[in-house]
Amino acid sequence: MPQRYLPVILALIAMCLTSPALGVGLQFDDLLHQQFLLSHPSPVTTAMNLFLFLTPEQTPALIEQGQLPWWTHPEAKLAFWRPLSALTHWLDYKLWPHSPPLMHAHSLAWFGLLIIITTRLYQQLSNQPSAVSYQPSAIAAILYALDSGHGSAVGWLANRNILIAGCYGFAALLTYHLYRQDSWRLGAWLTPLFLLTSLLSAESALAVMGYLLAYSLILDHRPRPMLTLTPSFSVILMWQVIYRYLGYGTQGMAYADPFHAPLFYLSSWLENAPILLAAQFIFPFPELYNITYSFIVIFIWLTAVIISSLILTWLWQPTPLTRFFMLGLLLALFPATVIFPANRLLFFVSFGAMGLLAEKSITVNYRRGRACPCPISGRPQGYAPTNPYKSPVASMLILLHLILAPILLPFQSYSLAIIGQGAPPQLPYTAKTVIIVSAPSIFYTNYQLTTTHARLRVLATTPYPVTITRLDEQTLSITPDGGYLLGLESLFRGLNHPFHLHEVISLSDLTITITALTPHGRPATAQFRFHQPLTAPTFSWFYWQNGTLQPFPMPAIGQTIKLTLFTL
C-alpha cells in the first residue's frame, strides 16, 4: 500500500470508530452555546462572545441567582477568545440549528482532517522509503489515529476548538518542516499564518510552539534555525497582547494563568504533568484523578511520577527524531497543565508520545556499506527491520495502544452522553426557591437541570456521602466526605484562593459560614443559616439519589443523617 493512501484510510477508520459521537447530543457547555446562538447573534458577536462565560461584573449576580455555586470566587472570570472555533458553531446554527447529529458530523470532519495532517507530518519527519511496512511513521500515525484519549473531545461539540487548533497547529509544523528541509519558501509565510489561525481557535495551540522550538533545536541543520522562528514568536506575542487588551483570560478560577499567578501555575504543572503523561501511555481515564482525595491523591501522583519517568527513560534513544518527539512532548505539556487532567488536553502531547512509541517499536539492523543515515531520523536510509516486540514493556504498550485503544475509542466518543444522562431534565415540583442539599456535580444541577424557579440553591456537590446535621430551626451543618471543591467543583474557585476558617458568604436568603477546613484550604464543613425556618413553604428541598431528585427528609433539630448517591 503506497504511503499516499495512508492518511485518508486512517482518517476514515478514526471517524468510523468515533461515529458514536453522532448520538451524543448537546451536553454541558453545548447547552450554553445553544442558548446563545439561538438568540441569532451576528457572526461578529458570536466570534467575540461565544466562549465568554464569566466576567467579574456578572459573577456576584449569578451567585445570588444560584446559577453559580456559593463557593465561586466573587471576582471570577472565565473568558476565552476563540473566534474561528466560534464561527464554526455559528455556521452549525445557521445551517442545521435543530440537528445535533449534523453538528457532530461537522466535528468528525475536523477530526478526520486532523488525522490526515498528522499522518502526513509523521511521514515527512520520518523521511523513509515508500513502502508502509515497518515504517515508524506509519506506526506513529496508526497509534495517533486510534488513541482512545481523543474520543471525549470528538464527542463534545464545545470541545471542537481543540480539533480545529490541532489541524492548523500541525499544519504550521508541517509547512515549517517543508520550508527548512526542502527550501519551500511559501512555508515561511504559511507557518506563522497557520499558527495564528490555530491560536484563534484555542489557547492550547501554544503547544505548537513547543514542537517548532524542538524542531529548530534538534532537527534543523540549516543556518540560523532560531532566527526563522521570529515570525512565529511575533505572532504569539501579538496574539497575547490583543487577547489581554480585549479583556480575555481567567482569574479566581481553577485555571492556572502563568502571567497572573506564576507560582500557582508551577504547582499546577508539577501536579498535573505526571498524571497526563501516565494517562497518555497507560491509564486512559485521567479524569478519575480529579475526584480522589486524602492519601489516595498522593499515592496516585507518586505512582504517576514513577511510571511516567520509567516510560520516558525506556523510550529514550540517541536519535534526532526521538529527541525531537521527547522535547516537543515535554514542552506541549505546559499549556495542557493549566487545568484538571483530562484526555481532551492530550491532542498535542499525543503527537510526540506516539512518535516516541513508534520509534522505539522499530529496531533496525545496520548493514555495512549501506547508504548514509537519514539526517532527521538518524536511521540508515536502507535498513532491515528485526522483531521490535521482544521487550515486555514494548509488548504491553503496543497491546494498550493497538488493541485496547481502538476498543475504548468508540466508548470515549460517546462517554459524555452517558455522563449527561445522569441529570434529570426537570424538577418534579415548583416553588419560589429550590434547594438541592447534595448532588454528584454542579455541572448537573447548573448546566442541565431545567428550572423556571426564581432561585436555585445547591448546598453540596460530591460523588461521596454527605453528613447533615440540623442545628436549629434555620441552620444546617453539612460535611461532605473529602470536603467541598473536590475535583471539577473547584473550577469556580482556584486553590490559590483558599477559604479561611469562619469565613462568611452572605446571600440574600442565607448566610454560609466555613466551620472547618481540609489541609488544602478547601471547606470541610459549612453551616447554612437561612433567614426563614427551613420548613417555610417558600422552600422545596431535594437531594440526589439513584440518578433522580428525591424529596429531602428534613431531620429534626439535633438529628444527623447521611446521604449517599446510591442505595442498593
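Data block above holds the structure.
Predicted model, so just to flag it, every value in this text is computed and none were measured.

(A) Structural detail: helix α1 (residues 6-17). In this model α1 runs 16 Å from its N-terminal to its C-terminal C-alpha over twelve residues, within 8% of the 16 Å that 1.5 Å per residue would give. L6, P7, L10, A11 and A14 are the residues of α1 that are buried. Buried residues of α1, seen end-on, are gathered within an arc of 130° and therefore sit on one face of the element. The exposed set on the far side of α1, more than 90 degrees from its buried face, consists of L12 and C16. In this structure, the buried side of α1 is in contact with α6 (100-126) and α7 (136-146).

(B) Inspection of the pairing of strand β14 (residues 548-551) at higher detail. Across four bridges, the pairing between strand β13 (residues 539-545) and β14 is antiparallel. Note on β14: the bridge partner recorded for F542 is P551. Counting the residues between successive antiparallel strands, the hairpin from β13 to β14 contains two residues, one of them, N546, with a positive phi of roughly 55°.

(C) Highlighting the side chain of S441. Along the polypeptide, S441 turns up in the loop between β6 (433-436) and α18 (442-448). Classification of S441 as buried rests on a relative accessible area of 13%. When neighbours within four sequence positions are excluded, S441 is seen to be in contact with T461 and E489.

(D) Summary view of the pattern of salt bridges. In total, this model carries twelve salt bridges according to the counting rule given. Here R244 and D257 are joined by a salt bridge, their closest N and O atoms 2.9 Å apart. One end of the pair, R244, is in helix α12 (residues 230-245); the other, D257, is in the loop between β3 (249-251) and α13 (262-281), and 13 residues separate them in sequence. Classification of D257 as buried rests on a relative accessible area of 8%. When the shortest N-O distance is used, the salt bridge between K562 and D481 registers 3.8 Å. In this pair, K562 sits in strand β15 (residues 560-563) while D481 sits in the loop between β9 (475-480) and β10 (504-506), placing the two residues 81 residues apart along the sequence. A residue is classified by how much of its surface remains accessible, and D481, at 22% relative accessible area, is partly exposed.

(E) Here's a closer look at the environment of P60. By secondary structure assignment, the location of P60 is in helix α4 (residues 59-65). The class for P60 is partly exposed, based on a relative accessible area of 44%. Taking the C-alpha atoms as reference, P60 lies 8.9 Å from A76; in sequence the two are 16 residues apart.

(F) Expanded view of the packing of aromatic side chains. The tally for this structure, following the rule as stated, stands at 34 aromatic pairs. Each ring, one from F170 and one from F351, has its centre 4.8 Å from the other, and the planes form 40°; the classification is tilted. With a gap of 181 residues between them, F170 in helix α9 (residues 160-182) and F351 in helix α16 (residues 347-361) connect regions that are remote in the sequence. The buried category is assigned to F170, whose relative accessible area is 2%. Chaining the aromatic ring pairs together yields one cluster made of Y122, Y144, F170, Y176, Y179, Y211, Y215, F324, F325, F348 and F351. When the ring centre of F51 is taken as origin, the NZ or CZ atom of R82, which lies over that ring, is 5.0 Å away. We note R493 situated over the ring of F499; from NZ or CZ to the ring centre the distance is 3.8 Å.

Conventions and cut-offs
- Residues numbered from 1 in each chain as written.
- Predicted model: local features only at pLDDT ≥ 70, side-chain atom pairs only at ≥ 80, totals over all residues.
- Heavy atoms only, no water.
- Helix = DSSP H or I, 4+ residues; strand = E, 2+ residues; numbered from the N terminus.
- Expected span 1.5 Å × (residues − 1).
- Buried < 20%, exposed > 50% of the residue type's maximum accessible area, 1.4 Å probe, protein only.
- Arc of directions from axis to C-beta.
- Contact = heavy atoms within 4.5 Å.
- Pairing = 2+ DSSP bridges.
- Salt bridge = Lys/Arg side-chain N within 4 Å of Asp/Glu carboxyl O.
- Phe/Tyr/Trp six-rings, centres within 6.5 Å; stacked < 30°, edge-to-face > 60°.
- Lys NZ or Arg CZ within 6 Å of the ring centre and 35° of its normal.

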